[in-house]
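Listed below are the residues making up each chain.
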Amino acid sequence: MGFALARAAEEQGMIVTLVTGPTQLSRPDGVTVMEVETALEMKEAMDSYFDQADIIIMSAAVSDHRAVLKSDEKIHKDQFPESLNLIKNPDILISLGSKKRPDQVLVGFAAESHDVVESATRKLNDKNLDWIVANDISNKDIGFSSDKNEVFLIGSKGDFLHICLADKCIIAKEIMDAIYPAWLEKAH
Ligand code: C5P
């Protein structure tokens, strides 16, 4: 969805920076791409672009935890611990929400398997977002590793849009069509 949104935004004439983890997807034309590998690197990249951004969309499925054990070389069986210790990654979106300016629009994603709209609305409020895009991940035909999606777009001012099953590029365009006028209203 991140790549589809970057394309849709660029086609609407916006200057786009796409921060992405490792992927096989081809880079969208006309978009600045910044590649990261870890949640901490993604946080650093998002923090560095945040001040200059008007619309910030966090569609990445960021890992909530990372392993304490890290090695650039192969760890052999006999050196491997019985269990892995995990530590929490920072929630990038919460930290962006806490420093958001009134003229910026911050959009999050919520992948939910039940009570999709209720859980997403809670995240919208808890993370101080302007919009949240909610996905039902119990439906295996859409979302991750699929070209198609079906989402609910929920706004902090009470807007509610059900975007029915369609190619991700169409979903992305509909999301941008809803968000852009809302940003114009906020910023002017
Ligand atoms: O709370 P949950 O992980 O379901 O929220 C999903 C939203 O939070 C997504 O927009 C995702 O990009 C963002 N997120 C984040 N940093 C994390 C975990 C999730 O920015 N460590």
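Computed from a prediction, not measured in an experiment: that's the story for all the values here.

Focus: the pairing of strand S6 (residues 105–112)
- Most of S6 is tucked away, with 7 of its 8 residues classed as buried.
- For strand S3 (residues 55–58) and S6, the ladder comprises 4 bridges, and the chain directions are parallel. Bridged to Ile56 within S6 is Leu106.
- Note: S6 against strand S7 (residues 131–136), 6 bridges, orientation parallel. Counted as the bridge partner of Gly108 is Ile132 from S7.

Observations concerning the pattern of salt bridges
- Overall, the coordinates contain 10 salt bridges when judged by the stated rule.
- Lys99 serves as the salt-bridge partner of Asp47, at 3.0 Å between the closest nitrogen and oxygen. One end of the pair, Asp47, is in helix H2 (residues 39–50); the other, Lys99, is in the loop between helix H3 (92–98) and S6, with 52 residues separating them in the sequence.
- Lys127 serves as the salt-bridge partner of Asp91, at 2.7 Å between the closest nitrogen and oxygen. With Asp91 in the loop between strand S5 (86–88) and H3 and Lys127 in the loop between helix H4 (116–126) and S7, this residue pair connects regions lying 36 residues apart in the sequence.
- Note on Lys127: relative accessible area 17%, which makes it buried.
- What you see here is one network of salt bridges that share partners, running through Lys43, Asp47 and Lys99.

Here we look at the site of the ligand
- Surveying the vicinity of the ligand reveals 13 residues, the closest of which are Met58, Ala60, Leu93, Phe109 and Lys123.
- Separating a nitrogen atom of the ligand from a backbone N or O atom of Pro90 is a distance of 2.9 Å.

Brief notes about the nonpolar core
- Met1, Leu5, Val105, Val133, Ile171, Ile175 and Ile179 are the most contacted members of the largest nonpolar core, which has 28 residues in total.
- Sorting the residues of this core by element identifies helix H1 (2–11), S6, S7, strand S8 (148–155), strand S9 (160–167) and helix H5 (168–187) as the ones contributing at least two each.
- Not counting residues within four places of it along the chain, the set of residues in contact with Val133 comprises Val107, Gly108, Phe109, Ala110, Val151, Phe152, Leu153 and Ile175.
- In this structure, Val19, Phe50, Met58 and Leu96 belong to the second largest nonpolar core, which totals 21 residues.

Observations regarding the sheet that holds S7
- With respect to topology, 5 strands assemble into an open sheet ordered S3-S6-S7-S8-S9, the strand pairing being mixed. Whereas interior strands pair on both sides, the edge strands pair on one side only; in this sheet they are S3 and S9. Across the sheet, the axes of successive neighbouring strands diverge by a mean angle of 20 degrees, strand direction being ignored.
- Packed on one face of the sheet, H5 meets S3, S6, S7, S8 and S9 and runs near 150 degrees to S9.

Regarding the side chain of Lys100
- Inspection of the secondary structure puts Lys100 in the loop between H3 and S6.
- Within the local environment of Lys100, its side chain forms a polar contact with the backbone oxygen of Asn128, the two atoms lying 2.9 Å apart.
- Apart from residues lying up to four places away in sequence, Lys100 is in contact with Phe50, Leu106, Asn128, Leu129, Asp130 and Lys186.

Quick notes on the rules
Residues numbered from 1 in each chain as written. Predicted model: local features only at pLDDT ≥ 70, side-chain atom pairs only at ≥ 80, totals over all residues. Heavy atoms only, no water. Buried < 20%, exposed > 50% of the residue type's maximum accessible area, 1.4 Å probe, protein only. Helix = DSSP H or I, 4+ residues; strand = E, 2+ residues; numbered from the N terminus. Pairing = 2+ DSSP bridges. Salt bridge = Lys/Arg side-chain N within 4 Å of Asp/Glu carboxyl O. Near = heavy atom within 4 Å. Polar contact = N/O pair within 3.5 Å; in protein donor to acceptor, adjacent residues only side chain to side chain. Core = buried A, V, L, I, M, F, W, Y, C linked by side-chain atoms within 4.5 Å. Contact = heavy atoms within 4.5 Å. Axes fitted to C-alpha atoms, helices over the stretch in contact; angles between N-to-C directions.

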